[in-house]
Amino acid sequence: MWNYSDKVLEYFRNPKNMGECDNANAVGEVGSMACGDAMRLTMRIDPATERILDAKFKTFGCASAIAAASVLTELIIGKTIDEALKVSNDDIARALGGLPAAKMHCSVLGHDAVIAAIDNYRGVKSAQHDMDEGKIVCRCFAVTDKHIERVARENNLHTIDEVTNYTKAGGACKSCHMVIQDILDRIWREPTPCTAPCAHPKPCCTTPAAT
C-alpha cells in the first residue's frame, strides 16, 4: 500500500476541474495507455493577456496521476502561460504534500502536459516531443533515451531507481537497467559550462578561470 498524503487522497477522491474546457484553445496530450499513464489537459487562454482562464483534465492512471492532474489545474489557472511554464513537477508534488518516490512520474506527466498544451496554443510542434523522440530504451513502458536524459537532467537524477521513479523506465523486466546506467554515466560525465568564469575551476567546468 502506498503511503499517500492526505492531500493526495483528497484530490483523488474529490478531483477538481475534471473534464474538458468549453471553448478550449490549448490541448496537451502526454503519456500513453500502453505505459499505464496518460493525461489530456485542455485550457482556455485569453489571447489578449495570455492568461489561463480555465483548465481541465482527463487522465488514465493511478491515484497519484489523478491527484497530480487535479492540483496542476489549480496551480495554473490565473497564471499567464509563461508563468505556467515555470510550474515544475516538484511544485506539483509539493502542492500535494509530497508523493511516494515511485510515483514522481505522475508529477512529470503533469508538467509535460502543460508544455504540450502551450505549444499547441502557440501553434508549434511540441518541443517536448522533439526532446523525447529517440531510441526506445524501456520496451515495457515505451520510454526513450532522450526522455530519460531530459528528466534526469531536469531533476538531477543519478541512480537507476530515481530514473524509474520519475519515468517508469526499468520498473518492470529490468532488462534496460544497463542502458539506463550508461545514459546516466554519459550525461553526468559531460562538462557543464559555468555562467561566469570560475576562480577555482572544477573538472565539470568548461569555462576558463578568471585572471
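What comes next is a walk through the structure. (Residues numbered from 1 in each chain as written. Predicted model: local features only at pLDDT ≥ 70, side-chain atom pairs only at ≥ 80, totals over all residues. Heavy atoms only, no water.)

Among the structural elements, Met39 can be located in strand β2 (residues 37–46). Taking C-alpha positions, Met39 is 7.9 Å from Gly28, a pair spaced 11 residues apart along the chain. If we ignore the near neighbours within four places in the chain, the residues touching Met39 are Gly28, Glu29, Val30, Lys58, Thr59, Ala65, Ala69, Leu109, Gly110 and Ala113. (Helix = DSSP H or I, 4+ residues; strand = E, 2+ residues; numbered from the N terminus. Contact = heavy atoms within 4.5 Å.)

With respect to the element layout, Thr42 can be found in strand β2. Separated by 3.0 Å, the side chain of Thr42 and the backbone nitrogen of Cys21 make a polar contact. In contact with Thr42, not counting residues within four places along its chain, are Gly19, Glu20, Cys21, Ala24, Ala26, Val27, Asp54, Ala55 and Lys56. (Polar contact = N/O pair within 3.5 Å; in protein donor to acceptor, adjacent residues only side chain to side chain.)

Pairing analysis gives nine bridges linking β2 to strand β3 (residues 51–60), with the strands arranged antiparallel. For Thr42, the partnering residue across the bridge sits in β3 and is Lys56. Two successive antiparallel strands, β2 and β3, enclose a turn made up of four residues, where Glu50 displays a positive phi of approximately 55°. (Pairing = 2+ DSSP bridges.)

Attention now goes to the nonpolar core. Across soluble globular proteins, nonpolar side chains have a tendency to be buried as a group. Membership of the largest hydrophobic core comes to 57 residues, with the highest contact counts inside it found for Leu41, Met43, Ile52, Ile76, Leu96, Ile148 and Ile180. Considering each element in turn, this core owes the most residues, 10 residues, to helix α5 (residues 104–122). Beyond its immediate chain neighbours, meaning those up to four positions away, Ile76 contacts Leu41, Met43, Ile52, Ala55, Ala84, Val87 and Val114. (Core = buried A, V, L, I, M, F, W, Y, C linked by side-chain atoms within 4.5 Å. Buried < 20%, exposed > 50% of the residue type's maximum accessible area, 1.4 Å probe, protein only.)

With that out of the way, let us pick up the packing of aromatic side chains. We describe a pair of aromatic rings using the distance from one ring centre to the other and the angle between the two ring planes. Applying the stated rule across the entire model yields zero aromatic pairs. Between the NZ or CZ atom of Lys16 and the centre of the ring of Tyr11, over which it lies, the distance is 4.9 Å. (Phe/Tyr/Trp six-rings, centres within 6.5 Å; stacked < 30°, edge-to-face > 60°. Lys NZ or Arg CZ within 6 Å of the ring centre and 35° of its normal.)

The next subject is unusual backbone geometry. Residue Ala142 is not a glycine yet carries a positive backbone phi of 55°. Examined against the element boundaries, Ala142 turns out to sit in the loop between β4 (136–138) and β5 (143–144). Classification of Ala142 as partly exposed rests on a relative accessible area of 45%. Positive phi outside glycine occurs at Lys168, with the angle close to 75°. By the secondary structure assignment, Lys168 is in the loop between α8 (160–167) and α9 (177–189).

Quick look at the state of the cysteines now. Taken as a whole and assessed by the stated rule, the structure comprises zero disulfides. Cys106 supplies the cysteine sulfur nearest to Cys62, a cysteine that is in no disulfide, at a spacing of 3.8 Å. (Disulfide = S-S within 2.5 Å.)

Between side chains of opposite charge, a pair can form as their charged atoms come close. Summed over the entire model, instances satisfying the criterion amount to 12 salt bridges. The salt bridge partner of Glu83 is Arg51, with a shortest N-O separation of 3.9 Å. With Glu83 in helix α3 (residues 81–85) and Arg51 in strand β3, this pair connects stretches of sequence that are 32 residues apart. What makes Arg51 partly exposed here is its relative accessible area of 33%. Here the residues in one salt-bridge network are Glu20, Glu29, Arg40 and Lys58, joined through shared partners. (Salt bridge = Lys/Arg side-chain N within 4 Å of Asp/Glu carboxyl O.)

Scope: geometric values only; no functional claims are made or implied.
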